[in-house]
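Reading the structure
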Protein chains: 2
Amino acid sequence: MSLNKYRFAMDEIQKFREYIREKGLRNTPERELIIEEIFSNHDHFDAEGLFLRLRNKMKRVSKASVYRTIPLLIECGLIKEVYFEDGHLHYEHIYGHRHHCHLRCICCGSVVEFADDRIPRLQNQIGKKHDFLVTSHRFEILGYCSECAPGQGMQGTCRPSGRGHAGNQG
Amino acid sequence: MSLNKYRFAMDEIQKFREYIREKGLRNTPERELIIEEIFSNHDHFDAEGLFLRLRNKMKRVSKASVYRTIPLLIECGLIKEVYFEDGHLHYEHIYGHRHHCHLRCICCGSVVEFADDRIPRLQNQIGKKHDFLVTSHRFEILGYCSECAPGQGMQGTCRPSGRGHAGNQG
DNA sequence: ATATTTATTGAGACTCATTATCAATAATAC
DNA sequence: GTATTATTGATAATGAGTCTCAATAAATAT
Ligand SMILES: [Zn+2]
Ligand SMILES: [Zn+2]
Ligand SMILES: [Zn+2]
Ligand SMILES: [Zn+2]
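For the structure given in this document, a descriptive report is provided here. (Residues numbered from 1 in each chain as written. Chains lettered and ligands numbered in written order. Predicted model: local features only at pLDDT ≥ 70, side-chain atom pairs only at ≥ 80, totals over all residues. Heavy atoms only, no water.)

Topic: the pairing of strand S2 (residues 90–93) of chain A
Residue and element names in this part refer to chain A. The test is simple: Categorising residues by exposure relies on relative accessible area from a 1.4 Å probe, with only protein chains included: less than 20% of the type maximum marks a residue as buried, more than 50% marks it as exposed, and the intermediate range marks it as partly exposed. In this description a helix means any DSSP run of H or I spanning at least four residues, a strand means any run of E spanning at least two, and both kinds are numbered starting from the N terminus. If DSSP finds at least two bridges between two strands, the strands pair.
With burial as the criterion, each face of S2 is covered, one bearing His-90 and Glu-92 and the other bearing Tyr-91 and His-93. Inspection of the sheet shows strand S1 (residues 79–82) paired to S2 by 4 bridges, in the antiparallel sense. Residue pairing for S2: Val-82 is matched across the bridge by His-90.

Here it is as C-alpha cells:
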C-alpha cells in the first residue's frame, strides 16, 4: 500500500530527474520530497497547500523551494497552471493525463473534469476564422453542483470570499 | 467629436446613477470621472490602467476610489471580470455588448472577441451530463495572431513577463 | 440657506501570493 | 578531497488589491 502509493509516480519523478540533469541543474532531497508529494495523488493543488502537506508530514522544505520547484515542473511538461478565480494559482498534473476542461461549482468550489471531442474542433475552426495559429484553449463551465443546486436542499454551504472563492478543489 | 465621444456612454452612466440612487448611495464627481473614463471606449481595462488614464488626463481620483467603484459597476451589470493570466484582474463592458469569448495572442497579448452559437449548446449538454446547474462559461482560445505567428515575419515582438504576460489587450 | 446625517474620499497601512536577495550549504566534476 | 557553483532557507521586497480613519461633502430635513 505504502509501496504502491508512489509506484505510479515513478515515470514523473524519473522524467523530472532527467530534465534536471539535462539542464545542468542538480537533484536535491528537497526537490525529491516536493515532487513525491505532488505526484502522490492526482489532485489539483496550489503552492501553499503543497507546502502545508509537506510540513504536516514532517518533510521540511522551505516555501521558497516549493515556489522554485513548480516552474521546473511546468517547464518539463509534468504540470500546468489552472486558473480558478480565487486570487491565486492552482496546478494540475498533465503527464499521463489527457487534456480536459473543468466544470466548477460557484458555491462549494468542487471541480469536475470533462473532455469533449467537439471542443478542439471548435477551437480550430474559430482560430482559422480569425487568422490565429491556435495552440491551446481553456474552457471552464460554471454553475451549481448537485449538492449546491439552489431550490433543493442545502445551499447554505456556500461561502463566498474576497475575490471569487476557494472550496474543495479536487 | 468631443461631444459625441461620450454620447454613446449615456445609457451606462444613467444606469449607474440610478443604481447608486436606488441603493441609497451618493453620486460623486469622482465616480462620474471614473465611469466616464471607462465608457469613453469599448476596450477591456484593468484598475491600474484606468487609474493612470485618469491621472494622465488630470482627472484626480485616488486609486482607492477606482478600486471601490469597480465592484459597483459589476453589481449593477455594466461590466464584468475577464480573466487573462497575467496575475491581475481585467474588466470589460457588458451593457449593450452581447456575450462573447476571447481569442488571445500568447505573444503580443492582443485579444479578439468571438461568439459562436455552439458554445452555449455545448455548455448545457456537458452540464446536464455531469448534473450541474450551469450558469455561465468561460472559453478562451490561445495562440498566435497573424502578426506574431512563428515561421513568418516578426516574432521578436514577444515580450513574456513574470506570470503569463500583458500586451495590448484591446 | 443651515444644520444634520452619514456616505465618500484620499493617503497610507495592511494582506496575501509570489519573487528576489544573499550568505551558508551541498551536489557534481575534476 | 577540492573546487565550482547550483540550491537552500530565512527573510526582504514586490505588487495587486483591501482596509482604516480622519476629513470632506452629498443628500435631506429644518
Ligand atoms: Zn457545490
Ligand atoms: Zn483538471
Ligand atoms: Zn500577437
Ligand atoms: Zn471581451
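As for the side chain of Glu37(A)
All names here are of chain A. Spelled out, the test is: Here a polar contact means two N or O atoms within 3.5 Å. Within protein one must be a hydrogen donor candidate and the other an acceptor candidate, and residues neighboring in sequence count only if both atoms are side-chain atoms. Contact definition: two residues touch when any of their heavy atoms are within 4.5 Å.
With respect to the helices and strands, the residue Glu-37 is situated in helix H3 (residues 29–38). One polar contact links Glu-37 to Lys-57, side chain to side chain, over a distance of 2.9 Å. Ignoring anything within four residues of it in the chain, the contact list for Glu-37 reads Leu-50, Arg-53, Leu-54 and Lys-57.

Describing the protein's contact with DNA strand C
Stated formally: Only a single heavy atom is needed: when it lies within 4 Å of a molecule or strand, its residue is near that molecule or strand.
Around DNA strand C, a shell composed of 19 residues is seen, among which Thr28(B), Arg31(B), Ser62(B), Ser65(B) and Arg68(B) lie nearest. Each atom of DNA strand C within 4 Å of the protein was classed as base or backbone; sugar and phosphate made up 69%. Contact distances for DNA strand C include 2.4 Å between a phosphate oxygen and a side-chain N or O atom of Arg31(B). Residue assignment for the surface near DNA strand C shows that the elements contributing at least two residues are helix H5 (63–75) of chain A together with helix H3 (29–38) and helix H5 (63–75) of chain B.

Observations concerning the coordination of the zinc ion (ligand 3)
Residues and elements named next belong to chain B. Short version of the rule: Ligating atoms shown are N, O and S within 2.8 Å of the metal, or 3.2 Å for Na, K and Ca, and water is not included, meaning a site may look less than complete. The geometry test gives tetrahedral to four donors whose angles all lie between 85 and 135 degrees, gives square planar to four donors and octahedral to six donors whose opposite members are over 155 degrees apart with all other angles between 65 and 115, and gives irregular to the rest.
At 2.2 to 2.4 Å from the zinc ion (ligand 3) lie its protein donor atoms, namely Cys-105 (SG), Cys-108 (SG), Cys-145 (SG) and Cys-148 (SG). Taken together, the 4 donor atoms coordinating the zinc ion (ligand 3) span angles of 102 to 113° at the metal, a pattern that classifies the geometry as tetrahedral. One chain supplies every donor for the zinc ion (ligand 3), spaced along it as C-x2-C-x36-C-x2-C. Residue classification places Cys-105 among the buried positions, given a relative accessible area of 0%.

As for the protein's contact with DNA strand D
Put simply, the test is: Gly falls in the polar group here, along with every residue not listed as nonpolar (Ala, Val, Leu, Ile, Met, Phe, Trp, Tyr, Cys, Pro) or charged (Asp, Glu, Lys, Arg).
Looking at DNA strand D, there are 17 residues lining it, with Thr28(A), Arg31(A), Ser62(A), Ser65(A) and Arg68(A) nearest. Per the 4 Å cut-off to the protein, sugar and phosphate atoms form 70% of the nearby atoms of DNA strand D. Measuring from a sugar or linking oxygen of DNA strand D, one finds a side-chain N or O atom of Glu30(A) at 3.5 Å. Among the secondary structure elements, those contributing two or more residues to the surface near DNA strand D are H3 and H5 of chain A together with H5 of chain B. Residues of the surface near DNA strand D, tallied by class, amount to 4 nonpolar, 5 polar and 8 charged.

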